[in-house]
Amino acid sequence: MVQYVTSRLDASFAVLSDATRRGVLEQLGRSDASITELADKFHMTLTGMKKHVGVLEHAGFVTTQKVGRVRTCKLGLRRLEEEAAWIEHYRQLWASRFDALDGVIEDLKRKEEAND
Amino acid sequence: MTNPTTIERKSDHELVVTRTFNGPARIVFEAWTKPELMKLWWAPKSSGVPLRSCEMDVRVGGGYRLEFGKDAASSFAFFGQYLEVEPPSRLVWTNEESQDAAVTTVTFEDRDGQTLLTLHERYPTKEALDEAMAGMADGMPEQFEQLDALLADLGK
């Protein structure tokens, strides 16, 4: 189970490590687009953009559909919940630590004020 | 009212945690550099694993050693060296308990009597960061049960 989640996360973060691919996701979040439109937008060749879209599609972030001669891209069903949950664990450790630190800081402040 | 803690994975190797504290940087810095204060917060009680000992020689090249555990047999240690010590604004230290451990940079910025704290961890490899976080995820459910118990105690 842990292995499975880890390898999926590996794949997701690898996909998202590229600025163009993150840009494409943002773009598709606003509206669907054809590969040609995306290539123009990101100043890339059609072949280059096809590769990026292929990677996103493979990871489930994007789906494509061919209508006539145009391939339209839209956001996939898979959102970033797992990725967010993974980071959330780490945040909670720091949050609980820092909540305890709040108490220490309050004490130190009070002592400082008492000494003034 | 506690301030929100944010965490971001900045790259394959880096994590950044930020948090604001309601006190000046010199006080927040003190809490990170005096062992008797560090002991009060570094191991959240909710973790159920107390900090058994805390030795810190806070100067460039000085070492630190934090031992966690309920008894000697089950204890484990984190240790390393301070690379930069600039009171009250910056601390950098290594973690040397494993080859895959991070270098940690903490900065303290004064903001009208409050302190913006930024903690940055750089891991040697992407795998090391993944593993550090996966380890965290495994322990968390138990830690939060203990936190629940603690909160219930405090509420009495």
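Read on for a plain summary of the structure. (Residues numbered from 1 in each chain as written. Chains lettered and ligands numbered in written order. Predicted model: local features only at pLDDT ≥ 70, side-chain atom pairs only at ≥ 80, totals over all residues. Heavy atoms only, no water.)

Digging into unusual backbone geometry
Cis geometry is adopted by the peptide bond preceding B:P88, which originates at B:P87 and carries an omega value of -5°. Within the secondary structure, B:P88 sits in the loop between β5 (76-86) and β6 (90-94). In the Ramachandran plot, A:H43 falls in the positive-phi region, its phi being about 50° despite a non-glycine side chain. Within the element layout of this structure, A:H43 appears in the loop between α3 (35-41) and α4 (46-58). Exposure remark for A:H43: the relative accessible area of 74% places this residue in the exposed category. Of note, B:D112 is a non-glycine position whose phi angle comes to about 50°, a positive value. (Helix = DSSP H or I, 4+ residues; strand = E, 2+ residues; numbered from the N terminus. Buried < 20%, exposed > 50% of the residue type's maximum accessible area, 1.4 Å probe, protein only.)

Topic: the sheet that holds strand β2 (residues 62-67) of chain A
All names here are of chain A. On the basis of which strands lie adjacent, the open sheet formed by three strands has the order β1-β3-β2 and antiparallel pairing. Of all the strands in the sheet, the pair left with one neighbour each is β1 (33-34) and β2. In this sheet, strand β3 (residues 70-75) lies alongside β2 in antiparallel orientation, the contact comprising six bridges. Opposite K66, over in β3, you have R71 as the bridge partner. Helix α2 (residues 19-30) contacts β1, β2 and β3 of the sheet and is inclined by roughly 90° relative to β3. Strands β2 and β3 of the sheet are contacted by α4, whose axis makes an angle of about 120° with β2. (Pairing = 2+ DSSP bridges. Contact = heavy atoms within 4.5 Å. Axes fitted to C-alpha atoms, helices over the stretch in contact; angles between N-to-C directions.)

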